[in-house]
Amino acid sequence: MSAAEVPSAVPSTTAEDAGAGPAFDVLAGSFAGVEGTQPVRVVGRVSGLRGMTVLVQDLPLPVGSLVSIPQTEPSPGLTGGRLGEVIGLSGSRAVVMMLGALGGVRAGDAVVGLRPQRTVGVGWSMLGRVVDGLGAPIDAGGPLHNLSPRAIDPPPLPPMRRRRIHAPMVTGVRAVDVMCTLGCGQRVGLFAGPGVGKSTLLGTIARNCSADVNVLALIGERGREVKEFIEGSLGSEGLKRSVVVCSTGDESPLMRIRAAMVACSIAEYFRDHGRRVLLMLDSVTRFAHAHRQVGLSAGEPPASKGYTPGVFAAMARLLERAGAVEPGPGRAGGSITGVYTVLVEGDDLTEPVADAARGILDGHLILTRQLAHRGHYPAIDVLDSVSRVADDVSDESLRTARRTLRRCIAAYRDVEDLVQIGAYARGSSPEADVAIDYWPRINELLRQGSAEREEFDRARDRSVKLAMEIAAALSRPARRVG
């Protein structure tokens, strides 16, 4: 069991904690630790293997319990036991999936119950660190200190405790801030196929956003890309105010699921201390793939494209954990703004995971391969993208400008093919004429380098000025053809 999984006996307060919101109860960590401890040593025996799961006899533990199979003959470099989790029941036997490899498990091996509740240690010392699905550090920064245990799958937040979204979340990306303005506490999906620039855009937002704390969950990523994202896309400045939770694609499906849930728990910790948190999860699709593997191993019947019904229930529960909350006992009323990438298989936005995510989230940003092929970064299709709270967090001038720009972009898209082949007859559509004239400036507004940052006020003023010029041009009398 990792050091981060076991809470410290009495979490101490720090100067940063003292000003972070609610009063810090020095006994809260001890109480929570005692409540989550297995009071009696429960030991079962391995009775069989089924696919990726271990069948354990005489293990009366609830689903979700953390267990260990002690190694009688440790391999070189391995210490302690192998961790697993109870994922289901089969008659009188518990179904356990290992958090690591199954190699070395034998019939009759002891299976020891460690913790009946799924918890993780969280605290301010996590800022600037990279941790795994158990909350244990995997960087070279040493152990974490002053951690308090927190459930990784808490009860859903009651809807009447949620606060209305009224403040914008500035991302530093013009195409988002102007055309699809986000709010503090909103949940938005970033939909794209592979290789279209999702991770680069996430890094840009993490560096430039107005959030106090970033929590980034890299779920199912290639091992090569983790360090590349942290050092290249995120950078040292972005890492200082971030917590990175990582579970690569070669790890157990359970570790990938736990990493996503641990990231949400870390974000909730900072939210309850009054911070504006930006939670970025890359990707929901790989979380769904991991849940499908676990569900099928536990005996759940497949449904749409092999996804089990539990996948969509787990997605809704995960995505609903973001949001803004009202102040109350034990919480200062911060917010979690969720940005979730959805890997669209075959660029099909109607595939099951993408379709379910669009129905749950408060908006979606669509990245298209056509724009990416043109070297247009970020490759956001602003006509297909929408933020459902944009009008609530924008002033009237920006709302008017956004409508005018969308109208102009739509007019240009209608005649774009004709313009490209030189077949468009100028004067046949006054609105299309204006769109063609202003298209280079609109395109310039929507383009932005990954290292470029523009203040929200400047981007808003720039878009409002351009929209006013377009509106004035549209109001001029149309010239007849010929």
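About the criteria used
Residues numbered from 1 in each chain as written. Predicted model: local features only at pLDDT ≥ 70, side-chain atom pairs only at ≥ 80, totals over all residues. Heavy atoms only, no water. Helix = DSSP H or I, 4+ residues; strand = E, 2+ residues; numbered from the N terminus. Buried < 20%, exposed > 50% of the residue type's maximum accessible area, 1.4 Å probe, protein only. Areas by Shrake-Rupley, 256 points an atom, 1.4 Å probe, with all protein chains shown as cover. Salt bridge = Lys/Arg side-chain N within 4 Å of Asp/Glu carboxyl O. Axes fitted to C-alpha atoms, helices over the stretch in contact; angles between N-to-C directions. Parallel < 35°, antiparallel > 145°, perpendicular 65-115°, else oblique. Left-handed = near helix turned anticlockwise from the far one by under 90°. Contact = heavy atoms within 4.5 Å. Nonpolar A, V, L, I, M, F, W, Y, C, P; charged D, E, K, R; others polar. Polar contact = N/O pair within 3.5 Å; in protein donor to acceptor, adjacent residues only side chain to side chain. Pairing = 2+ DSSP bridges. Expected span 1.5 Å × (residues − 1). Bend = angle between axes of the 7 residues up to and from the residue. Phe/Tyr/Trp six-rings, centres within 6.5 Å; stacked < 30°, edge-to-face > 60°.

**Q** I tried to follow the overall build of the protein on my own but got confused; where do I start?
**A** Scanning the protein for helices and strands turns up 13 helices and 19 strands. Across the 482 residues that make up the protein, the buried fraction comes to 54%. Summing over all exposed atoms, the protein offers an accessible surface of approximately 20,500 Å²; the carbon and sulfur share of this is 54%.

**Q** I keep staring at the pattern of salt bridges and nothing clicks. Help me out?
**A** Where charged atoms from two side chains of opposite charge come close, those side chains can pair. Across all of its chains, the model carries 35 salt bridges by this definition. Salt-bridge contacts for R118 lead to D153; the nearest nitrogen and oxygen are separated by 3.5 Å. Within this pair, whereas R118 is found in the loop between β6 (110-115) and β7 (119-122), its partner D153 is found in the loop between β9 (148-151) and β10 (168-169), the two being separated by 35 residues in sequence. The partly exposed category is assigned to D153, whose relative accessible area is 28%.

**Q** Looking at this model, I keep getting lost on the packing of helix α6 (residues 253-272) against helix α7 (residues 284-297). Mind explaining?
**A** Two numbers describe a pair of packed helices, the interaxial angle and the distance between the axes. Packing of α6 against α7 leaves a shortest axis separation of 8 Å and a crossing angle of 130 degrees. With respect to their mutual orientation, α6 and α7 come out oblique. When you trace α6 past α7, the crossing you get is left-handed. Where α6 abuts α7, its residues P253, L254, R256, I257 and A260 lie against F287, A290, H291, Q293 and V294. Of the residues contributing to the contact of α6 with α7, the split by class is seven nonpolar, two polar and one charged.

**Q** Explanation requested: helix α4 (residues 198-208) in the structure shown.
**A** Residue pairs three or four apart in sequence face the same way in an α-helix, which turns once every 3.6 residues. Within α4, eight of the eleven residues are buried, leaving the element largely enclosed by the surrounding structure. At its buried positions, α4 is contacted by β12 (187-192), β13 (213-221), α5 (223-240), β15 (276-282) and β17 (335-343).

**Q** Explain the side chain of H364 to me, please; I cannot follow it from the model alone.
**A** Along the chain, H364 turns up in strand β18 (residues 363-366). With relative accessibility at 7%, the residue H364 sits in the buried group. Among the polar contacts made by the side chain of H364, one reaches the side chain of R358 at a distance of 3.5 Å. When residues no more than four places from it in sequence are discounted, the contact partners of H364 are V188, G189, F191, R358, D384, S385 and V386.

**Q** Can you walk me through the side chain of R399 in this structure?
**A** For R399, the position within the fold is in helix α11 (residues 396-421). Within the structure, the side chain of R399 is placed 2.4 Å from the backbone oxygen of S394, a separation counted as a polar contact. Within the structure, the side chain of R399 is placed 2.8 Å from the side chain of E396, a separation counted as a polar contact. When residues no more than four places from it in sequence are discounted, the contact partners of R399 are D391 and S394.

**Q** Sorry, what's going on with the pairing of strand β5 (residues 93-98) here?
**A** Every other side chain in a regular strand lies on the same face of the sheet, so the side chains alternate between the two faces. The element β5 is largely enclosed, with a buried count of five among its six residues. In this sheet, β5 lies alongside strand β2 (residues 53-57) in antiparallel orientation, the contact comprising five bridges. For Q57, the partnering residue across the bridge sits in β5 and is R93.

**Q** Even after reading the chapter, I still don't get unusual backbone geometry, so can you show me in this structure?
**A** As a rule of thumb, non-glycine residues mostly have phi less than zero, and peptide bonds are mostly trans rather than cis. In this structure, the amide linkage connecting D282 to the following residue, S283, adopts the cis form with an omega of 10 degrees. Y377 connects to P378 through a cis peptide bond whose omega is -10 degrees. Within the secondary structure layout, P378 lies in the loop between α10 (369-373) and β19 (386-387). Phi at K305 is positive, roughly 50 degrees, even though this residue is not glycine. With respect to the helices and strands, K305 occurs in the loop between α7 and α8 (309-319). Under the relative-accessibility criterion, K305 is labelled exposed at 57%.

**Q** Help me understand α11, please; the structure alone is not making it clear to me.
**A** Here α11 contains 26 residues, and its C-alpha end-to-end distance of 38 Å stays within 8% of the 38 Å for a straight helix at 1.5 Å per residue. Along α11, the largest kink reaches about 55 degrees and is centred on V415. Among all positions of α11, only L398, R399, A401, R402, T404, L405, C408, I409, A411, Y412, V415 and E416 are buried. Tucked into the core, α11 has its buried residues touching α3 (174-179), α12 (430-446) and α13 (456-475). G422 sits one or two positions beyond α11 and adopts a positive phi of about 75 degrees.

**Q** Is there a simple way to think about the packing of aromatic side chains in this case?
**A** What describes a pair of aromatic rings is the distance from one ring centre to the other and the angle between the planes of the rings. The tally for this structure, following the rule as stated, stands at five aromatic pairs. Centre to centre, the rings of W124 and Y269 are 6.4 Å apart; their planes meet at 65 degrees, and the pair counts as edge-to-face. One end of the pair, W124, is in the loop between β7 and β8 (129-131); the other, Y269, is in helix α6, with 145 residues separating them in the sequence. We note that W124, like Y269, is buried. A centroid spacing of 5.4 Å and a plane angle of 80 degrees characterise the contact between Y269 and F270, whose relative ring orientation is edge-to-face. Residues Y269 and F270 agree in their burial class; the two are buried.

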